[in-house]
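Listed here are the chains, written in short residue letters.
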Amino acid sequence: NAGVTQTPKFRILKIGQSMTLQCTQDMNHNYMYWYRQDPGMGLKLIYYSVGAGITDKGEVPNGYNVSRSTTEDFPLRLELAAPSQTSVYFCASSYIASYNEQFFGPGTRLTVL
Amino acid sequence: GNSVTQMEGPVTLSEEAFLTINCTYTATGYPSLFWYVQYPGEGLQLLLKATKADDKGSNKGFEATYRKETTSFHLEKGSVQVSDSAVYFCALIDFPKLVFGKGMKLTVNP
């Protein structure tokens, strides 16, 4: 099992550009999540999905979009990148039960200049 | 809302020293509690968890006990190693998301 994989590992964007962060999991988890991690802070939830075709906003969704067409994939789209979106982005997945752990990918470090 | 407060550091210890990282939480009910660890350049990994009051989670020599009386979940290790150098996050489930503390960077010197 590869677990949760993310691409790319690093990316530099110019203000106003767009990009998609890719996330794939091979554990057949129903739940998937996108978090961002800012320096000296914990992680904040951007969007999550409870299954294919179902997504919902988290704490900080502005400036982002998601889709979930398959169980395995959960891409995060940044439209019109802004410096405030400079962060490290983590994708995670879990089984349905609320006490189960979330499994995290290695992260994507994004810089917007 | 639910929240987690933890020691922020950074903390530097010598190898074989005793480690305690304090974590307290505010929550409705008794959510599952977690300690995650982030090694340099990597994603977060679950270190240990506890799903109900008085549960003790343990892994790799680390322990934490879910204390509802003091709303705490302190992380302890009796003898740290250089390989324990990492950032440690306390978290709770506020379904569907994890609510994290700010993290504490630990450096262990030989």
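This one's a predicted model, so the numbers in the text were calculated from it and none came from an experiment.

A. Quick look at the nonpolar core. Formed by 28 residues in total, the largest nonpolar core has its most connected members in Trp35(B), Leu47(B), Leu48(B), Phe73(B), Leu75(B), Tyr88(B) and Leu106(B). Residue assignment for this core shows that the elements contributing at least two residues are strand 2 (11–14), strand 3 (19–21), strand 4 (23–26), strand 5 (33–38), strand 6 (44–50), strand 8 (62–65), strand 10 (86–94) and strand 12 (104–109) of chain B. Per-element accounting of this core gives the leading share, four residues, to strand 10 of chain B. With residues up to four places along the chain from it excluded, the contact list for Leu48(B) reads Leu33(B), Phe34(B), Trp35(B), Gly57(B), Ser58(B), Asn59(B), Phe62(B), Glu63(B), Ala64(B), Phe73(B) and Leu75(B). One finds Leu21(A), Val66(A), Leu78(A) and Cys91(A) within the second-largest nonpolar core, a separate group that totals 20 residues.

B. Quick look at unusual backbone geometry. Thr7(A) connects to Pro8(A) through a cis peptide bond whose omega is -5 degrees. By the element assignment, Pro8(A) lies in the loop between strand 1 (4–7) and strand 2 (10–13). Cis geometry is found at the peptide bond from Phe95(B) to Pro96(B), where omega equals 10 degrees. As for its placement among the helices and strands, Pro96(B) is situated in the loop between strand 10 and strand 11 (97–100). The backbone of Leu80(A) sits at a positive phi, close to 55 degrees, despite the residue not being glycine. Along the chain, Leu80(A) falls in the loop between strand 8 (76–78) and strand 9 (87–94). In this model, Glu16(B) sits at a positive phi of 75 degrees, which is unusual for a non-glycine residue. Its location among the elements puts Glu16(B) in the loop between strand 2 and strand 3. Judged by its relative accessible area of 59%, Glu16(B) is exposed.

The rules behind each value
Residues numbered from 1 in each chain as written. Chains lettered and ligands numbered in written order. Predicted model: local features only at pLDDT ≥ 70, side-chain atom pairs only at ≥ 80, totals over all residues. Heavy atoms only, no water. Core = buried A, V, L, I, M, F, W, Y, C linked by side-chain atoms within 4.5 Å. Buried < 20%, exposed > 50% of the residue type's maximum accessible area, 1.4 Å probe, protein only. Helix = DSSP H or I, 4+ residues; strand = E, 2+ residues; numbered from the N terminus. Contact = heavy atoms within 4.5 Å.

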